[in-house]
Amino acid sequence: MSNAESSSVKSTAVQEPWWMRVLLIAVGVGFLLVLIGLPLSAVFVEALHKGIKPYWQSLLHPDALAAVRLTLIVAAIAVPFNVLFGLAASWAIAKFEFSGKQFLLTLIDLPFAVSPVISGLVYILLFGAHAALGRWLVDNDIQIVFAVPGLVLATIFITFPFVARELIPLMQEQGTEEEEAAILLGANGWQTFRRVTLPNIKWGLLYGVLLCNARAMGEFGAVSVVSGHIRGETNTLPLHVEILYNEYNFVAAFAVASLLTILALITLLLKSFMEMKFATGKKRH
Amino acid sequence: MRIPLLRQHSVLPGFGLAMGWTLFCLAVVVLIPLSGLFFKTATMTGEAFWQTISSPRVINAYKISFGIAFAAALINAFFGLIVAWILVRYTFPFKRIVDAAVDLPFALPTAVAGIALATLYAPQGWLGKPLAELGIKVAFTPLGILLALVFVGLPFVVRTVQPILEDLEKDVEEVAASLGASRRQIFCRVLLPQIFPALLTGFAMSFARALGEYGSVIFIAGNLPNVSEIIPLLITIKLEQYDYTGATALAVVMLLASFVLLLLINILQKWSSRQ
């Protein structure tokens, strides 16, 4: 067998023939276009198909503005809470050795495995008017479910693992040497955390916050169960989309949906940017 | 404060504080609320519990939820592998955008996905109309549920298989090729065994996600009892009827199914990282 022959045999066995490559790319890209590209464009086409004026009117409607405000409030509480939790959990889990670590990680992951509907249901059971705690709350005029605190709680539950799951592998990879050196050189714990750990994890933290925020603002199932759907009061943006859609007010529903879609696109853009630049997150698996 | 039994010695401070806050959050946000499900179920008699979770309408909903989630995960395993493969092995225009687009189902709120898919596949929609002329109804049928579940589950398979494909060593394939193996043999005997654990993990994650999915499904499903009604929807229906114990009983069944899946995924991931 001549040299040229053997290398051509080799190349067809190491790589697929050209028609196979073209076919696979066509199938893969085509699948993504139909599954992801079309729904994405449908949102904007439906939102704008009666012109720009109804679009703006839908977005500037008081109920839509109230939904924007509420979504921002919920995220503004849920995201910082999960950052505080994520920082503490990753410090304890990544920097120290203790037994039962794997079990603790599984517990932190639980909210990922639970249906959003169940996440909402557990708070209804805990704080609803039929439960002991719920009756006491009603007697004392404290409303949790069918009010903003319930929305915040359900959102915290749903987004609970996001920041911690991003930080734990990152901090485990970085080890404890730098912190130990800082402590031995006389820094106190807080200084060590702020000057050594935080700069090391800042991009991972930002990445976690980004994903956490996207989910917090877009969550539907869990908040739908605890919200009570009081227009202008307990409707976040995704719930407002549902109400408008069910009223056959499609232009307004897609106009509000387009806001959430733009949020998702910005999230993806920032995410790709961070992965490209800092190669965090890609190592999650 | 040191917790000698739990922790090995370290010069770093803050274990007590960090661990305390972690456990506090975990208990208040996750464990106490979830345990409420089991306390609520405990107030039911065994018979009432059994009747709730095995009524014909519920049984049909299990079949729909589990069956369609399984089918969606299979479809995702097939196309997800192709997408991961072309993203790792080939170059083509707009590859970076295609790669980023895979994550859209993670980032797009499920309600938005739901109304977009329902509008596309409705009898008058862009895709629904030509399909209807072929006699295929997607929106407001179980096929619509399948579509929504494929949408939400896609990134799981791609993102678990992709890093494994990236780490595969090309040498092994070259050796197999120089020993006379054909491309098909190399794929089946060399590549597939290495990818398989990750593929199975992605499949299980996609299945678990599909099982609990609510937002994207309810708009396109039509929600006919016994035909296109999923378990999460049935839970919300029972809640709206103030049947809290009934809703809880179904939630417990689903929760147990999720636990089993979570355990399975953990085992699969261990297996996959050992390979």
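Residues numbered from 1 in each chain as written. Chains lettered and ligands numbered in written order. Predicted model: local features only at pLDDT ≥ 70, side-chain atom pairs only at ≥ 80, totals over all residues. Heavy atoms only, no water.

A.B. asks: Give a description of helix α9 (residues 177-184) of chain A that names residues and reports values.
C.D. replies: Residues and elements named next belong to chain A. Considered for burial, the residues of α9 that qualify are E179, A182 and I183. Projected onto a plane normal to the axis of α9, the buried residues spread over an arc of 100° and lie on a single side. Facing away from the buried surface of α9 by more than 90 degrees, the exposed residues are E177 and L184. Against α4 (62-95) and α10 (189-218) lie the buried residues of α9. Positive backbone phi, at 105°, marks G186, one or two positions downstream of α9. (Buried < 20%, exposed > 50% of the residue type's maximum accessible area, 1.4 Å probe, protein only. Helix = DSSP H or I, 4+ residues; strand = E, 2+ residues; numbered from the N terminus. Arc of directions from axis to C-beta. Contact = heavy atoms within 4.5 Å.)

A.B. asks: Quick rundown of the packing of aromatic side chains? Include the residues and the values.
C.D. replies: Scanning the entire structure with this criterion turns up 26 aromatic pairs over all chains. Geometrically, the ring pair formed by W91 of chain A and F96 of chain A is edge-to-face, given 6.4 Å between the ring centres and 70° between the ring planes. Both residues of the pair, W91 of chain A and F96 of chain A, belong to the buried class. Aromatic rings pair up to connect W91, F96, F98, W190 and F193 of chain A together with F15 of chain B into one cluster. When the ring centre of F98 of chain A is taken as reference, the NZ or CZ atom of K101 of chain A above it lies at 5.6 Å. (Phe/Tyr/Trp six-rings, centres within 6.5 Å; stacked < 30°, edge-to-face > 60°. Lys NZ or Arg CZ within 6 Å of the ring centre and 35° of its normal.)

A.B. asks: Go over the pattern of salt bridges with me, naming the residues and quoting the values.
C.D. replies: Taken as a whole and assessed by the stated rule, the structure comprises 14 salt bridges over all chains. Residue E179 of chain A pairs with K95 of chain A through a salt bridge whose shortest N-O separation is 3.2 Å. With E179 of chain A in helix α9 and K95 of chain A in helix α4, the pair connects residues that are 84 residues apart, well separated along the chain. The salt bridge partner of D99 of chain B is R159 of chain B, with a shortest N-O separation of 2.9 Å. Highlighted residues: D99 of chain B in helix α4 (residues 95-101) and R159 of chain B in helix α8 (residues 142-167), separated in sequence by 60 residues. Across the pair, R159 of chain B and D99 of chain B agree in class, each one buried. One salt-bridge network, held together by shared partners, links K271 and E275 of chain A together with D99, D103 and R159 of chain B. (Salt bridge = Lys/Arg side-chain N within 4 Å of Asp/Glu carboxyl O.)

A.B. asks: I'd love a proper account of the confidence of the model for chain B, names of residues and values included.
C.D. replies: Residue and element names in this part refer to chain B. Of all residues in chain B, 96% attain a pLDDT of 70 or more, and the chain-wide mean is 90. Helix α3 (residues 56-89) holds the highest mean pLDDT among the elements of chain B, 96, whereas helix α9 (residues 170-178) holds the lowest, 85. In this model residues 1-5 is a low-confidence stretch, pLDDT under 50, and it forms five contacts with partners more than four residues away in sequence or in other chains. Model confidence for the complex is summarised by a pTM of 0.90, with the ipTM given as 0.88. (pLDDT = per-residue confidence, 0-100.)

A.B. asks: Run through the layout of surface pockets, naming residues and quoting values.
C.D. replies: Of the pockets and cavities examined, the second largest pocket occupies roughly 830 Å³. Along its surface, the second largest pocket is lined by 33 residues, and E242 and N246 of chain A together with I218, F219 and N223 of chain B are the ones closest to its centre. Listing elements by their share of the lining of the second largest pocket, those giving two or more residues are α11 (221-227), α12 (237-246) and α13 (250-278) of chain A together with α6 (110-121), α11 (215-221) and α12 (231-240) of chain B. If you tally residues by element for the lining of the second largest pocket, the top one is α12 of chain B, at five residues. Of the residues that constitute the lining of the second largest pocket, the class distribution is 20 nonpolar, 10 polar and three charged. (1 Å grid on protein atoms, 1.4 Å probe; cavity = no way out; pocket = protein on both sides within 12 Å on 5 of 7 lines; lining within 4 Å. Points joined across faces, edges and corners; volume = space filled by probe spheres on them. Nonpolar A, V, L, I, M, F, W, Y, C, P; charged D, E, K, R; others polar.)

A.B. asks: Describe the nonpolar core, with residues and values.
C.D. replies: Residues L34, L37, L149 and I235 of chain B are the most contacted members of the largest nonpolar core, which totals 188 residues. Sorting elements by how many residues they give to this core places α4 of chain A first, with 17 residues. Not counting the four nearest positions on each side in its chain, L34 of chain B is found in contact with L110, V114, V122 and F157 of chain A together with L255 of chain B. (Core = buried A, V, L, I, M, F, W, Y, C linked by side-chain atoms within 4.5 Å.)

A.B. asks: Hey, could you go over the confidence of the model for chain A for me, with residue numbers and the actual values?
C.D. replies: All names here are of chain A. Per-residue confidence for chain A averages 88 on the pLDDT scale, and 93% of its residues sit at or above 70. Per-element averaging of pLDDT across chain A places helix α1 (residues 3-14) at the bottom with 54 and α4 at the top with 95. This model gives residues 280-285 a pLDDT under 50, and the stretch forms 16 contacts once residues within four places in sequence are excluded.

A.B. asks: Any details on the environment of V158 of chain B? Residues and values, ideally.
C.D. replies: Residues and elements named next belong to chain B. As for its placement among the helices and strands, V158 is situated in helix α8. Judged by relative accessible area, which is 0%, V158 ranks as buried. As a C-alpha pair, V158 and L239 span 81 residues in sequence and 36 Å in three-dimensional space.

A.B. asks: An account of the interface of chain A and chain B is needed here, citing residue identities and associated values.
C.D. replies: Taken together, the contact pairs 87 residues of chain A with 90 residues of chain B. Together, the buried faces of chain A and chain B total about 7,900 Å²; carbon and sulfur atoms form 81% of this surface. In terms of surface lost to chain B, no three residues of chain A exceed V14, F31 and F96 of chain A, which account for 7% of the buried area on that side. Between chain A and chain B we count two salt bridges in total. In this structure, E16 of chain A engages R183 of chain B in a salt bridge whose closest nitrogen and oxygen atoms are separated by 2.7 Å. Scanning the region where chain A abuts chain B turns up nine residue pairs in polar contact (both at pLDDT 80 or more). (Buried area = accessible area lost by both parts, 1.4 Å probe. Polar contact = N/O pair within 3.5 Å; in protein donor to acceptor, adjacent residues only side chain to side chain.)

A.B. asks: Any details on empty space enclosed by the protein? Residues and values, ideally.
C.D. replies: All names here are of chain B. Within this structure, the stated rule accounts for three cavities of 30 Å³ or more. The calculated volume of the second largest cavity comes to roughly 50 Å³. Taken together, I64, S65, I68, A69, I145, L149, A210, L211, E213, V217, I230 and P232 make up the full set of residues lining the second largest cavity. Only α3, α8 and α10 (183-212) provide two or more residues apiece to the lining of the second largest cavity. If you tally residues by element for the lining of the second largest cavity, the top one is α3, at four residues. Across the lining of the second largest cavity, the residue classes break down as 10 nonpolar, one polar and one charged.

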